[in-house]
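In case you want the letters, here they are:
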Amino acid sequence: MGGRVTAVCCTVVVVLLAHAASAQQPKIGDPPEASNMRLVGSNDLQARSAYQPTIHHQGNRWIAYIGHHGGTDDIPDPVNPMTGKAEPNGTSIVDVTDPAHPRYLRHIPGQEGKYESGGAQMVRICDGKDLPKGDRNAVYMLRAVGTEGHEIWNVADPANPVLVTHIGEGLKDTHKSFWECGTGIAYLVSGAPDWRTRRMTQIYDLSDPAHPVKIRDFGLPGQEPGATGAVPTELHGPISTGPQGNRVYFGYGTDKGGFLQIVDRDKLLNGPREPTPDNLKYPEIARMPLSALNGAHTVFPMPGMPIAEFAHDKDGKTRDIVMIVDEAIQNECGEARQMVWFADVTTEARPMLISSYTVPEASGRFCERGGRFGSHSSNESMAPVYYKKMAFIAFFNAGVRALDIRDPYHPREVGYFIPSITAATDKRCVTIDGRDRCKVAIQTNNVETDDRGYIYAVDRANTGLHILELTGAARAVAGLP
Amino acid sequence: MMRAWPVIATMLLALGGLSAVAGYEMAPPRGAQWHEIAWPFPRDGWPAGRAFRCGAAECGTDVEVYARPKLGFCNCDSGVADDDEVDRVADVDMISPRFVALRAGEVVEVADMHGRIRAYDLDGKRTAIGIAVSHRCDLMAVAARGGGDAARVQQATLKFLEGREIRTWMAAAMEGR
């Protein structure tokens, strides 16, 4: 009798444990999880690991340009069904004019290499008519191609891109660059061979994309050639407010030791260029460190935000805000939580963190789902539809999260969408007792919006592109009908 | 009910076995001249590692070694690519933010992991050794400091890192590799 009791108890315990472990484990065929967001359309992006999407209004069409990380151990070079050839991951070009039926136009191969070591991760687009010396009929795509440098393509006919020029070679790395379309100034995240860091900034005048002109190298004192001692954290990416705002915001770090650097753009471009410690310090206005446990992937400026709560205050009614998004890099919560921070930089010399946001882990038991859980990046479009009202955060296995940021002192989640996994979704593994234990989960990596209000989420684990729209209360926050 | 006891006893034995294995993995490396000391640095972005000291009488010079894993901190394909990477990741900056490389680094193998080793001058009197070795996307950072001759500090450090216990700990710390 006692044996049967024990056996029953053990079985119940085992079943309960197994159920708990699998309750949140996504399966193919499961519906997406959503609140106030709806899937409009999708594309598998040829099952390539995706990074930054940029959505461009081109004539009467809307075109999505999507950068890719390198391939996987299992499939280093996925086959492009349009050519029938195995091609290293590069850039996907997708016509999203009808978001319910996105149409894949072209894949431009990138650098050979797997995961972070290959591909062509970053994409920025400028119309030739906006660039001071551009071909008025051209549309230029700037992309980062791993250690091979940067390329500019003419994508006026997005199905038939033409290479215009190549910048840099023999770099240690490239990453999340920024391009001012009004001036042509480009802040190329590179790893110059003689610098002591994998990622710093090479500033170019790309006002005439066919003839790039180098302006200077920029980084933190200690990273420059010939320096000794401790090497500061590497750059992730800058965002400039152009000549009008005269500021460039640099985010340093990934998941550790990050900080926001506020730089005077005019001093940066026109100051002394030799990379000496004094010259590198000269354009810096302020530096705001994060905890050693957090990095800064995206630093998104929102100057002059009116704060309703402060409307009757004699001073400080509007605030200059920078949203800082950390990047989670470890699977299954193997590091400190990476999340979103809001900094008030109104008094630039004394920037201050004022609020934060994270997805509650318990709301989906995300640490058990597999893959990364935590933030990675935000939308970077400054189109009026969402700018200073809503922000969209890619949160890996927690999908896309929609935040009401009208009061950045109290950001509030108003919607989310976690796509379904597919047969293309790649596994993510952790090592336990010397062996890989793998799970398959969505890994929403990057997100962007277009002027129409559609939200474009792409997946790091090869699930593709998900085009979303807001519904319900979240739609009202943005003032959408 | 009595028949439940063998099951319970078996489970307790299994738990005891697991505890013993865990205890073995966490045990300090044994060695005649090295002894473990408390991690001497303030908290930073990485969890604390393990620190060891060897006196001048036993190692020829006073040497301290600091080792810790940095998971997800290495290029998964190229590993520790160059000396700049050793400068960046090997934790020598914890000993002193001002360090000057004495010469170009060298290839090294520690606990079956490949990487690079480099020697530094700290203040004209003390020297430091930085070691960065990797497995997949993970890194083991080792910094050592001692008085005087860098070659002697390096030799003592590498000898220590050849010990079975420290190698076992490093393997376990790199997630049971």
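Quantities reported herein were computed from a predicted structural model and do not represent experimental measurements.

**A look at the overall build of chain A**
Here comes step 1: Within chain A, the secondary structure is distributed over five helices and 34 strands.
Here comes step 2: Taken along the three principal axes of its C-alpha coordinates, chain A extends 85 × 60 × 55 Å.
Here comes step 3: For chain A, the proportion of its 481 residues judged to be buried stands at 53%.
Here comes step 4: Nonlocal contacts in chain A, meaning residues at least 24 apart in sequence, comprise 59% of its contacts between residues at least 6 apart.

**Description of the overall build of chain B**
Here comes step 1: A count of helical and extended segments in chain B gives six helices and eight strands.
Here comes step 2: When the helices and strands of chain B are placed in sequence order, the string is α-β-β-α-β-α-α-β-β-β-β-β-α-α.
Here comes step 3: Buried positions account for 40% of the 177 residues belonging to chain B.
Here comes step 4: Of the contacts formed within chain B by residues at least 6 apart in sequence, a portion of 53% connects residues at least 24 apart.

**Here's the deal with helix α6 (residues 164-173) of chain B**
Residues and elements named next belong to chain B.
Here comes step 1: Of the positions making up α6, those classed as buried are Ile166, Trp169, Met170 and Ala173. Seen along its axis, α6 keeps its buried residues to an arc of 100°; they face one direction.
Here comes step 2: Remark: Glu175 follows α6 within two positions and exhibits a positive phi of approximately 60°.

**Topic: unusual backbone geometry**
Residue and element names in this part refer to chain A.
Here comes step 1: The backbone of Leu45 sits at a positive phi, close to 50°, despite the residue not being glycine.
Here comes step 2: As for its placement among the helices and strands, Leu45 is situated in the loop between β2 (37-43) and β3 (50-58).
Here comes step 3: The backbone of Glu332 shows a phi angle near 55°, a positive value even though the residue is not glycine.
Here comes step 4: As for its placement among the helices and strands, Glu332 is situated in the loop between β23 (318-325) and β24 (340-344).
Here comes step 5: Of the residues examined, Glu332 has 21 C-beta atoms within 10 Å and is grouped as buried.

**Topic: the nonpolar core**
Here comes step 1: By size, the foremost hydrophobic cluster in this structure holds 118 residues, and its most contacted members are A:Leu260, A:Val322, A:Val400, A:Ala402 and A:Tyr456.
Here comes step 2: Sort the elements by how many residues they give to this core and strand β27 (residues 390-396) of chain A lands first, with seven residues.
Here comes step 3: The contacts of A:Val400, once residues within four sequence positions are left out, are A:Phe392, A:Ala394, A:Tyr416, A:Phe417, A:Thr444, A:Val447, A:Ile455, A:Ala457 and A:Leu468.
Here comes step 4: Counting residues in each nonpolar core, the second largest holds 45 residues, with B:Val92, B:Tyr120, B:Ala141 and B:Ala173 among its members.

**Some details on helix α5 (residues 150-161) of chain B**
All names here are of chain B.
Here comes step 1: The end-to-end C-alpha separation of α5 is 16 Å, in line with the 16 Å expected for twelve residues at 1.5 Å each.
Here comes step 2: Of the residues making up α5, those classed as buried are Val153, Gln154, Ala156, Thr157, Phe160 and Leu161. Looking straight down α5, one finds that the buried residues subtend no more than 165° of arc, so they occupy a single side.

**Focus: the sheet that holds β24(A)**
Within a beta sheet, neighbouring strands are joined by backbone hydrogen bonds and run either parallel or antiparallel to one another.
All names here are of chain A.
Here comes step 1: Across the sheet, which stays open at both edges, the four strands sit in the order β22-β23-β24-β25 with antiparallel pairing between neighbours. Only two strands of the sheet have a single partner each, and these edge strands are β22 (298-306) and β25 (352-357). If you compare each strand with its neighbour and ignore which way they point, the axes differ by 25° on average.
Here comes step 2: With five bridges connecting them, β23 and β24 associate as antiparallel partners.

**Comments concerning the environment of A:Tyr51**
All names here are of chain A.
Here comes step 1: Here Tyr51 lies in strand β3.
Here comes step 2: Its 26 C-beta neighbours within 10 Å are what place Tyr51 among the buried residues.
Here comes step 3: For the pair Tyr51 and Asp157, spaced 106 residues apart in the sequence, the C-alpha separation amounts to 23 Å.
Here comes step 4: Among all residues touching Tyr51, those that are not within four sequence positions of it are Gly67, His68, His69, Gln121, Met122, Asn445 and Asn446.

**Focus on the environment of B:Ala173**
Here comes step 1: On the secondary structure map, B:Ala173 appears in helix α6.
Here comes step 2: Separated by 127 residues in the primary sequence, B:Ala173 and B:Trp46 place their C-alpha atoms 13 Å from one another.

**Some thoughts on the confidence of the model for chain B**
Do not read the fine detail of predicted coordinates wherever pLDDT is low.
Residue and element names in this part refer to chain B.
Here comes step 1: Model confidence for chain B is summarised by a mean pLDDT of 85, while 81% of its residues fall at 70 or above.
Here comes step 2: This stretch, residues 18-32, has a pLDDT under 50; its non-local contacts, to residues over four places away or in other chains, come to twelve contacts.
Here comes step 3: The complex model carries a pTM of 0.90, and its ipTM stands at 0.84.

**Describing the sheet that holds strand β12 (residues 150-154) of chain A**
Residues and elements named next belong to chain A.
Here comes step 1: Here we have four strands laid out as an open sheet, ordered β10-β11-β12-β13, and antiparallel in their pairing. Only two strands of the sheet have a single neighbouring strand rather than two, namely β10 (123-127) and β13 (162-167). Each neighbouring strand pair of the sheet contributes to a mean axis angle of 20°, computed without reference to strand direction.
Here comes step 2: Relative to β12, strand β11 (residues 139-144) is paired through five bridges, and the arrangement is antiparallel. Across the sheet, residue Arg143 finds its bridge partner in β12, namely Glu151.

**What about the environment of A:Leu403?**
All names here are of chain A.
Here comes step 1: Position of Leu403 among the secondary structure elements: in strand β28 (residues 400-404).
Here comes step 2: Sequence separation between Leu403 and Phe392 is eleven residues; the distance between their C-alpha atoms is 6.2 Å.
Here comes step 3: The contact partners of Leu403, leaving out residues within four places of it in the chain, are Tyr357, Met390, Ala391, Ile393, Pro411, Arg412, Glu413 and Val414.

What counts as what
- The residue numbering used here restarts from 1 in each chain and proceeds along that chain's sequence as written.
- Labels are handed out in written order, letters beginning with A for the chains and numbers beginning with 1 for the ligands.
- Local features in a predicted model are, by the rule used here, given only for residues with pLDDT of at least 70; side-chain atom pairs are given and counted only at 80 or more, and totals for whole chains, interfaces and linings are based on all residues.
- Strands are runs of DSSP state E lasting at least two residues, helices are runs of H or I lasting at least four, and both sets are numbered from the N terminus onward.
- Here a residue counts as buried when 20 or more other C-beta atoms sit within 10 Å of its C-beta, as exposed when there are 12 or fewer, and as partly exposed otherwise, the C-beta atoms being derived from the backbone.
- What counts as a contact here is a pair of residues whose C-beta atoms, placed from the backbone, lie within 7 Å.
- Working note: the arc is built from the helix axis to C-beta atom directions.
- We define the nonpolar core as any set of buried residues of the types Ala, Val, Leu, Ile, Met, Phe, Trp, Tyr and Cys, connected via C-beta atoms lying within 7 Å of each other.
- Working rule for helices: expected span equals 1.5 Å times residues minus one.
- DSSP-based pairing: two strands are paired if at least 2 bridges between them are found.
- Lines fitted to C-alpha atoms define the axes, with helix axes restricted to the stretch in contact, and inter-axis angles between N-to-C directions lie between 0 and 180 degrees.
- Confidence scores labelled pLDDT are given residue by residue by the predictor and lie between 0 and 100.

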